[in-house]
Amino acid sequence: MHEVRVAVRKTYKLYIGGAFPRSESGRTYQVTSTDGAFLANAALGSRKDARDAVIAARKAFPGWSGATAYNRGQILYRVAEMLEARRAQFEAEVAAAGESPDTVTESIDRWVWYAGWADKIAQVCGAANPVAGPYFNLSVPEPTGVVAVIAPSTPSLLGLVSVVAPAIVAGNTVVVIASERHPLPAITLAEVLATSDLPGGVVNVLTGRPAEIAPWLATHADVNALDLSGVVDPQLATDLERDAAGTLKRVIRPAATPVDWAAEPGFDRIRALLETKTVWHPRG
Amino acid sequence: MNMFEYAPAPESRSVVSLQSSYGLFIDGEFVDPRDGGTMKTISPATEETLAEVAVATEADVDIAVAAARRAYDTVWGPMPGRDRAKYLFRIARLIQERSRELAVLETLDNGKPIRESRDVDVPLAAAHFFYYAGWADKLAHAGFGADPRPLGVVGQVIPWNFPLLMLAWKIAPALATGNTVVLKPAETTPLTALLFADICRQADLPAGVVNIVTGAGETGAALVRHPEIDKIAFTGSTAVGRNIAQAIAGTRKRLTLELGGKAANIVFDDAPIDQAVEGIVNGIFFNQGHVCCAGSRLLVQESIADELLDALKRRVSQLRVGDPLDKNTDVGAINSAEQLARISELSSAGEAEGATRWSPACELPSQGFWFAPTIFTGVSQAHRIAREEVFGPVLSVLTFRTPAEAIEKANNTQYGLSAGIWTEKGSRILAVADKLRAGVVWANTFNKFDPTSPFGGYKESGYGREGGRHGLEAYCA
């Protein structure tokens, strides 16, 4: 008879400003696998956690948006390298959520896809405009700012990566509410982000109930855009969009039809979170 | 008169392990050439032999092209873009990982200062692969139609002034778009290309996707002539570029050329003088002036000419010429005896035609190929040193009175690769840039390169662009 080792289990916490705090509310909720087995007590994020996360995201914005596109691309690619190295852990976590290990593979490749976009965004949607006068006129894309995101509830990892990566590649910073039912891959992804040279505060991960936390983000005056991709309840989506209109946030609505998160993502999600700045300068 | 003495700070050679001889890199393996011909590659700083390198003949080129065709048909052409991307990302990472080794080897084989190979050539080469890796699965977004197709097998011939960087400029976009490659490095600088072959193996790049054939002009000519080549990309002299364009006339081969230059660096009377002096020095003495886009003609507004020249000479007197492996060195060795002879001949012609020659007092090493930084004043537009590309550390100074005259003189050349403008006035920068017939215009800076930024010339400086989104076009159907 060999002795069975008692495993050390991980405490799943929030990820705010590069640190892993518990919810200031002290609340947690039980996360279970598809067959009902207990997996972990995840932090049940609060209004105050959301506000802390927005502060962290705003603080990180000047540095991250001011980094060169090359540098941001290198860091996103580093995330893919780190994720690949921890593939087995993610496969176990998504399996417990009843999801295919292929979603892990796609998640890794999605970081690579977006890493490659970093220094091409301006080349695809910037322009030198031939104005009818002696002026140099150049339009360049800039990140919109702090983006609050409600991640899709499933696929838990791929859905999350698919909404976070396009936001940060252009220089935005993010507060994301992870899948309520399957939050564990999101926290493990935060551990990857924390070890990929991504500056603290660029991505902040909250776990808990979107219906409880999202309204505070939708009305928060220091949030510039709201991505509702993960909102399933049409009434909640409408309420959040209306809340967001109070400060004229850019809103990504939930898709009208179910999204194939495994399909090649295209450029739309990047474009939705950009501002265009046009500079005039006389010639001659 | 040196205020500060520098102790030598040589970079260690121990990071590089040279083989005594190198074969050709064909179909994923190093192979001996068919007829066993070899050449020696030397260090231009010491004239020591670094290694023997194979000379590829027509038969070897034929095998290499066949390998590239096979790889194109069976592996690389059909491969999804996102998988090609991953190989290119791997190569970018491997160049970063082996950057010190590549930098020392480049400096040994080429003679350029280690500071430049370490801080410019190698990081830019890695960045180039990183940039084009990202395009491999995004070609539909590049503006060349919904589904741009590769051309097939590409023959690439590169020069000796930036051996690894020019390799990166050629191979990265070709592979990203799905082409396979037969590349011929320059006769005098084959070693980093051969180390790159090892990087391809470490990346598990499929055999035949990249093939490296070493040799001299005849090897390049065999590659250009080969009927199974779909596209040729050449960087080098205008004379050879012209020959290639003639040789492929009547075929379906596509061609891009990045050729010589005689860039004007225009300094207006309101320019920040100290910044301009740094830019002028960087423009012409960077890489010993072995730069096709070098600012080899200084056009300075007459009213500030004396002040600027005094400051320039003071600055040039501080340049450290010598051991390329010394981390303090600013100007290294001339790449070959042949190039040294050409620089010497043109400089003599400058004197004979009546220009005034000046060089700082500097001791040159007794071994190797060296040329002191040189400034010619009193140069007229008719002088050979104002018209011909010297490709060495030789600056010709001309003056002008009005912006219109500056533009006229700047454009008075067969070339059109690059130009520089120095003025505090933004509107003047843009107005002058508009009128310069050159592919790259630097304002209040010079010799800046980036993988996202297209590079290439007007007129007899060649056609096609390398770098940036535009650089994809050369490799897409």
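Residues numbered from 1 in each chain as written. Chains lettered and ligands numbered in written order. Predicted model: local features only at pLDDT ≥ 70, side-chain atom pairs only at ≥ 80, totals over all residues.

What is the right way to read helix α9 (residues 273–285) of chain B from this model?
One turn of the α-helix equals 3.6 residues, which is why residues spaced by three or four share an orientation. Residues and elements named next belong to chain B. Over its 13 residues, α9 runs 18 Å from end to end, which matches the ideal 18 Å to within 8%, given 1.5 Å per residue. The set of residues buried in α9 consists of Ala276, Val277, Gly279, Ile280, Val281, Asn282, Gly283, Ile284 and Phe285. Remark: Asn287 follows α9 within two positions and exhibits a positive phi of approximately 60°. (Helix = DSSP H or I, 4+ residues; strand = E, 2+ residues; numbered from the N terminus. Expected span 1.5 Å × (residues − 1). Buried ≥ 20, exposed ≤ 12 C-beta atoms within 10 Å, placed from the backbone.)

How should I be thinking about the interface of chain A and chain B in this particular structure?
Where interface size is given, it is often the accessible area lost as the parts come together that is meant. Counting residues at the interface gives 19 residues for chain A, matched by 21 residues for chain B. With six residues, the top contributor of residues to the side of chain A that touches chain B is helix α4 (residues 102–117) of chain A. Per-class residue counts for the side of chain A that touches chain B are 10 nonpolar, five polar and four charged. (Contact = placed C-beta atoms within 7 Å. Nonpolar A, V, L, I, M, F, W, Y, C, P; charged D, E, K, R; others polar.)

Please explain the domain arrangement of chain B as it appears in this structure.
All names here are of chain B. When cut into domains, chain B gives domain 1 (21–259 + 460–475) and domain 2 (264–450). Inter-centroid distance (C-alpha atoms) of domain 1 to domain 2 is 30 Å. Residue-level contacts link 20 residues of domain 1 with 25 residues of domain 2. Sorting the residues of the side of domain 1 that touches domain 2 by element identifies α3 (99–110) and α4 (114–135) as the ones contributing at least two each. (Domains from an automatic or database assignment.)

What's the story with the sheet that holds strand β4 (residues 135–143) of chain A in this structure? I'm lost.
Where strands meet in a sheet, backbone hydrogen bonds hold them as pairs that are either parallel or antiparallel. Residues and elements named next belong to chain A. The strand order across the open sheet built from three strands is β3-β4-β10, with neighbouring strands paired in antiparallel fashion. Pairing within the sheet leaves two strands with one partner each, and these edge strands are β3 (127–128) and β10 (274–282). As judged from the two bridges shared by β3 and β4, these two strands associate in the antiparallel manner. Bridging from a neighbouring strand, Ala127 pairs with Ser139 of β4. (Pairing = 2+ DSSP bridges.)

It is not clear to me how helix α6 (residues 191–202) of chain B should be interpreted in this structure. Could you clarify?
All names here are of chain B. With 12 residues, α6 should reach 16 Å at 1.5 Å per residue; the first-to-last C-alpha distance of 17 Å fits that figure. Within α6, the full set of buried residues consists of Leu191, Thr192, Ala193, Leu194, Leu195, Phe196, Ala197, Ile199 and Cys200. Just past α6, the residue Asp204 takes up positive phi, approximately 55°.

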